[in-house]
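Residue-level structure breakdown
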Amino acid sequence: MHFELTEEHLAVQEAARDFARNELLPGVIQRDIECRFPAEEIKKMGELGFMGMMIDPKYSGGGMDTVSYVIAMEELSKIDASASVVMSVNNSLVCWGVEKYASETQKEKYLKPLASGQKLGAFALSEPEAGSDATSQKTEAYLEGDHYVLNGTKNWITNGSNADIYIVFAQTDQSKGHKGISVFFVEKGWEGFTPGHKEDKLGIRASDTTSLMFTDVKVPVENRIGEEGFGFKYAMETLNGGRIGIAAQALGIAAGAYDLALAYSKERKTFGKPISEHQAIQFKLADMATTIEAARLLVYKAAWLKDQGEDYSHASAMAKLYASQIAMDVSIEAVQIHGGYGYVREYHVERLMRDAKITQIYEGTSEIQKIVISRGILR
Ligand code: CAA
């Protein structure tokens, strides 16, 4: 068993760390205040190869493994979880499924610009009444000649107003339940398709989360991915990998909050000595460091299993469940160690604490992860 990172992993880590410190950190507080999408930063992340890391270079991707991807996600999330969720959705919810299941023609048309970062993707599964219960899709697509007619509303869509290419799930045969769900490419600007309300969120405020409205949108038959009825399977398979990305994001939020708390504890003095010399703070730091290390092992293990071609649905659910819990715990403690300073924007930890919460909700709530894990145990 080896725990060492390869030369390539270390190079990815350094590149992501440098980018986060030099390009993301300077504007991160202001973007959070203004809910401003990191458009320039995401463009640069595309140029550096962060938007399609695991995709074959023949489709303009980075050809890297999942371990490299989680390493990059951790580093970027230490500084800016809004930018990292944009990256995560594009990599694992959009590019991955397209590479695995789309036709060659579709890959030429859609995967190349997505993986190179020229275009941005979104994954439109959730609906006002279909979140955790993802099979209850109300969006419908019925066939009319050489195209489908798409009607419905999606909710909570990351990159909702900034994406160019949308992976959209819809019922093509209501009578078949989840086996009647299909999946399509839909492009920004098509008649009848408009991004709707932008959510005013607690955290990851610089990423855009919107609803999407489809009214009689004509979707060419050749834009369906796979056969009719394949959509739910496609969504579940894609989310298995997406959850590794969000687990890595949660790990990064925890590690970022811990780094700040550790540094602060060595500077801040009370009762005549740095607070790091008080056992109350030392025990907090010990707990934070231990849980972060445990989360990292779970995240790397899930990524490694995926790279080995093994089943990773169970491992990715465990990684997300645990990493998102410790992202909350560690970021709350980081605020506590900072005292009053932790409660103001300038010290970053309050933002990390707000950002942490969503990792327990999106791409399957913690309760959904427990369903996936317990089904894995009991099957
Ligand atoms: N991997 C592969 N296949 C899976 C699967 C998994 N993890 N979970 C279920 N399936 C398959 C089953 O094998 C079954 O297939 P067959 O019909 O061929 O047997 C089919 O899917 C239906 O499965 P279930 O009967 O188990 O379905 P269910 O209704 O009981 O629900 C669920 C399963 C796990 C709860 C699922 O609905 C789920 O994961 N819900 C959460 C959805 C979610 O994560 N949404 C996040 C939205 S995306 C987002 O947040 C993106 C963003 O912008 C950041």
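Residues numbered from 1 in each chain as written. Predicted model: local features only at pLDDT ≥ 70, side-chain atom pairs only at ≥ 80, totals over all residues. Heavy atoms only, no water.

1. Describing the nonpolar core
Worth spelling out the cut-off: Definition of nonpolar core: a set of buried residues of the types Ala, Val, Leu, Ile, Met, Phe, Trp, Tyr and Cys, connected through side-chain atoms within 4.5 Å. The buried label goes to any residue with under 20% of its type's maximum accessible area, the exposed label to any with over 50%, and the partly exposed label to all in between, with areas taken from a 1.4 Å probe on protein chains only. The helix count covers DSSP runs of H or I at least four residues long, the strand count covers runs of E at least two residues long, and both are numbered beginning at the N terminus.
Within the largest apolar cluster, 112 residues are counted, with the highest numbers of intra-cluster contacts made by Met45, Met87, Leu150, Ile167, Phe169 and Val186. For this core, the leading source of residues is helix α7 (residues 231-267), giving 17 residues.

2. Regarding the UniProt feature "domain: Acyl-CoA dehydrogenase/oxidase N-terminal" (unreviewed entry) in the protein
The test is simple: UniProt positions are given in the numbering used here, feature names are shortened, and annotations may be inferred rather than shown by experiment.
Within this structure's numbering, the places UniProt gives as "domain: Acyl-CoA dehydrogenase/oxidase N-terminal" (unreviewed entry) are residues 6-118. Between the C-alpha atoms that bound residues 6-118 the distance is 29 Å, and the span itself is 72% helix and 0% strand.

3. A word on the side chain of Ser265
Selection rule: Whether two residues are in contact is decided by their heavy atoms: any pair within 4.5 Å suffices.
Position of Ser265 relative to the elements: it lies in helix α7. Classification of Ser265 by relative accessible area gives buried; the value is 0%. Sequence-distant contacts of Ser265, that is, excluding residues within four places in its chain, are made with Pro274, Ile275, Ser276, Ile281, Leu285 and Ile337.

4. Notes on the domain arrangement of the protein
To keep it simple, the criterion reads: Reported domain spans reflect what an automatic or database domain assignment gives. Accessible area that two parts lose when put together, with a 1.4 Å probe and added across both, is what the buried area reports. The term salt bridge refers to a pairing of a side-chain nitrogen on Lys or Arg with a carboxyl oxygen on Asp or Glu at a separation within 4 Å. Two N or O atoms form a polar contact when they lie within 3.5 Å of each other; inside protein one atom must be a possible hydrogen donor and the other a possible acceptor, and for residues adjacent in sequence the pair counts only when both atoms belong to side chains.
For the protein, the domain assignment lists domain 1 (7-120), domain 2 (122-232) and domain 3 (238-378). The centre of domain 1, based on its C-alpha atoms, is set 21 Å off from the matching centre of domain 3. Counting from both sides, the interface comprises 26 residues of domain 1 and, opposite them, 32 residues of domain 3. Roughly 2,300 Å² of surface becomes buried between domain 1 and domain 3 when both sides are summed, with 62% attributable to carbon and sulfur atoms. Where domain 1 meets domain 3, there are three salt bridges. If you look at where domain 1 meets domain 3, you find nine residue pairs in polar contact (both at pLDDT 80 or more). Elements with a minimum of two residues in the side of domain 1 that touches domain 3: α2 (28-34), α4 (66-79) and α5 (81-101). Considering every element that reaches the side of domain 1 that touches domain 3, the biggest residue donor is α4, with 10 residues.

5. Considerations on the site of the ligand
Definition in use: In this text, near means that some heavy atom of the residue lies within 4 Å of the molecule or strand in question. Accessible surface is estimated by sampling points in the Shrake-Rupley manner with a 1.4 Å probe; for residues, cover comes only from the protein chains shown.
Taken together, 23 residues lie near the ligand, and Ser132, Thr158, His178, Arg243 and Arg375 sit nearest. A distance of 2.6 Å separates an oxygen atom of the ligand from a polar side-chain atom of His178. In this structure, Arg243 approaches the ligand through a side-chain N or O atom, which is 2.9 Å from an oxygen atom. For the ligand, the accessible surface in isolation is 1,100 Å², of which the surrounding protein chains cover 76%.

6. Quick word on the pairing of strand β7 (residues 209-220)
What counts is decided by this rule: Pairs of strands are assigned from DSSP output, requiring at least two bridges between the strands.
Pairing of strand β3 (residues 147-158) with β7 involves nine bridges; the strand directions are antiparallel. The residue bridging Gly152 from the neighbouring strand is Phe214, located in β7. Here four bridges tie strand β6 (residues 193-198) to β7, and the two strands are oriented antiparallel to one another. Across the sheet, Pro195 pairs through a bridge with Leu212, a residue of β7.

7. What about the side chain of Asp80?
For Asp80, the location among the structural elements is in the loop between α4 and α5. Here Arg31 takes part through its side chain, which lies 2.7 Å from a polar atom of the side chain of Asp80. For Asp80, the contacting residues outside a window of four places in its chain are Leu24, Val28 and Arg31.

8. Some points on the environment of Asp133
Relative to the assigned elements, Asp133 resides in the loop between β1 (121-124) and β2 (140-144). Residue class for Asp133 comes out partly exposed when judged on its relative accessible area of 44%. The spatial distance from the C-alpha of Asp133 to the C-alpha of Ile368 is 9.3 Å, given a sequence separation of 235 residues. A polar contact is formed between the side chain of Asp133 and the side chain of Thr135, at a distance of 3.0 Å.

9. Focus on helix α9 (residues 313-338)
Spacing of three or four residues puts side chains on the same side of an α-helix, whose turn is 3.6 residues. What counts is decided by this rule: For a helix, the expected span equals 1.5 Å multiplied by the residue count minus one.
Its 26 residues give α9 an end-to-end C-alpha distance of 37 Å, which sits within 8% of 38 Å, the value for a rise of 1.5 Å per residue. Of the residues one or two after α9, Gly339 is the one with positive phi, at around 60°.

10. Regarding helix α8 (residues 279-308)
The first and last C-alpha atoms of α8 sit 43 Å apart over 30 residues, in line with the 44 Å expected at 1.5 Å per residue. The set of residues buried in α8 consists of Ile281, Leu285, Met288, Ile292, Ala295, Arg296, Val299, Tyr300, Ala302, Ala303, Leu305 and Lys306. In this structure, the buried residues of α8 make contact with α4, α5, α7 and α9. Once α8 ends, the next one or two residues include Gly309, with phi positive near 80°.

11. Looking at the packing of α9 against helix α10 (residues 349-358)
Basically, it comes down to this: Axis definition: a line fitted to C-alpha atoms, limited for helices to the stretch in contact. Angles are taken between N-to-C directions and run from 0 to 180 degrees. Note on terminology: angles under 35 degrees are roughly parallel, angles over 145 are roughly antiparallel, angles of 65 to 115 are roughly perpendicular, and the others are oblique. The hand of a helix crossing depends on one turn: near helix anticlockwise from the far one by less than a right angle means left-handed, and clockwise means right-handed. Residues are sorted three ways: Asp, Glu, Lys and Arg are charged, Ala, Val, Leu, Ile, Met, Phe, Trp, Tyr, Cys and Pro are nonpolar, and all the rest, Gly among them, are polar.
Following both chains from N to C, one finds α9 and α10 inclined at 160°, their axes separated by 9 Å at the closest point. Here α10 runs roughly antiparallel to α9, going by the angle between their axes. In the packing of α9 onto α10, the handedness of the crossing is left-handed. Only Val349, Glu350, Leu352, Met353, Ala356 and Lys357 of α10 make contact with α9, whose side of the interface consists of Ala327, Met328, Ser331, Ile332, Ala334, Val335 and His338. Of the residues contributing to the contact of α9 with α10, the split by class is nine nonpolar, two polar and two charged.

12. Regarding the pattern of salt bridges
Considering all chains together, one arrives at 21 salt bridges under this definition. Here Glu75 makes a salt bridge to Lys78, at a shortest N to O gap of 3.2 Å. Taken as a pair, Glu75 and Lys78 lie in helix α4 at a separation of three residues, close to a single helical turn. Assigned by exposure class, Glu75 and Lys78 land together as buried. Close ionic contact of Asp311 with Arg379 constitutes a salt bridge, the shortest N to O distance being 3.2 Å. On the criterion of sequence distance, the pair formed by Asp311 in the loop between α8 and α9 and Arg379 in the segment after α11 (366-378) is long-range, its members being 68 residues apart.

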